[in-house]
Amino acid sequence: MAIVESVGRIGATLIAMVQTRLELAAVEVQEELQRFLGYVVLALASLILFGVALLLVVLLVVVIFWDSYRLEAIGALALLFGIAGGVIGLQVKRSFDARPRLLGATVAELNKDVNFVRNAGHADE
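Owing to the predicted nature of the structure, the values given are computational and were not obtained by experimental measurement.

### Observations regarding the overall build of the chain
Step number 1: Check the secondary structure of the chain and you find three helices and zero strands.
Step number 2: Each helix and strand of the chain, placed in order from N terminus to C terminus, yields the pattern α-α-α.
Step number 3: A compact globule built from 125 residues would reach a C-alpha radius of gyration of about 14 Å, whereas the chain, at 28 Å, exceeds it by more than 25%.
Step number 4: Reported as C-alpha extents along the three principal axes, the dimensions of the chain are approximately 100 × 25 × 10 Å.
Step number 5: For the chain, the residues scored as buried account for 9% of the 125 residues in total.
Step number 6: About 10300 Å² of surface is accessible on the chain, with carbon and sulfur atoms providing 73% of the total.
Step number 7: Measuring between centres, the 10 positive side-chain charges of the chain sit 5 Å from its 12 negative side-chain charges.

### A word on the environment of T13
Step number 1: As for its position among the elements, T13 is in helix 1 (residues 2-64).
Step number 2: On the basis of relative accessibility, which here comes to 45%, the residue T13 falls in the partly exposed class.
Step number 3: Spatially, the C-alpha atom of T13 lies 24 Å from that of V29, the residues being 16 residues apart in sequence.

### Side note on the side chain of E28
Step number 1: With respect to the helices and strands, the residue E28 is situated in helix 1.
Step number 2: Filtering out sequence-adjacent residues up to four positions away, E28 remains in contact with L103, G104, A105 and T106.

### Things to note about the packing of aromatic side chains
In this description, an aromatic ring pair is defined by two values, namely the gap between the centres and the angle between the planes.
Step number 1: In total, this model carries zero aromatic pairs according to the counting rule given.
Step number 2: Directly above the aromatic system of W66 lies the positively charged group of R70, at a separation of 5.0 Å from the ring centroid.

Parameters at a glance
Residues numbered from 1 in each chain as written. Predicted model: local features only at pLDDT ≥ 70, side-chain atom pairs only at ≥ 80, totals over all residues. Heavy atoms only, no water. Helix = DSSP H or I, 4+ residues; strand = E, 2+ residues; numbered from the N terminus. Rg over C-alpha atoms; globule rule 2.2 N^0.38 Å. Buried < 20%, exposed > 50% of the residue type's maximum accessible area, 1.4 Å probe, protein only. Areas by Shrake-Rupley, 256 points an atom, 1.4 Å probe, with all protein chains shown as cover. Lys, Arg positive; Asp, Glu negative; His and termini not counted. Charge placed at Lys NZ, Arg CZ, Asp CG, Glu CD. Contact = heavy atoms within 4.5 Å. Phe/Tyr/Trp six-rings, centres within 6.5 Å; stacked < 30°, edge-to-face > 60°. Lys NZ or Arg CZ within 6 Å of the ring centre and 35° of its normal.

Now the structure itself:
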């Protein structure tokens, strides 16, 4: 009966480990979704406000230079916006590249569990 009890305890331990890892994975997914939603809301608010401000600045500059340099003013503003858009795009890409790996902690814990089980199996030999 000792073998059956040992197998039962090992099975219960393995089930508890899997449950813990699944709970960790759920927490990580929830945190990532909240972080992403925050990024989206802030980005949209920023884009709307920034867009209105830029539109007004462009209109002001074009009106100021309407009589003498209107084409040059429009070209310079288009170039400025193109450069700014490129810089912002690179920053967004860099930010996404630097974000933590999804389920990284869960995978690390599962790797620890696998190594522990492998080492425990070798220790019995």
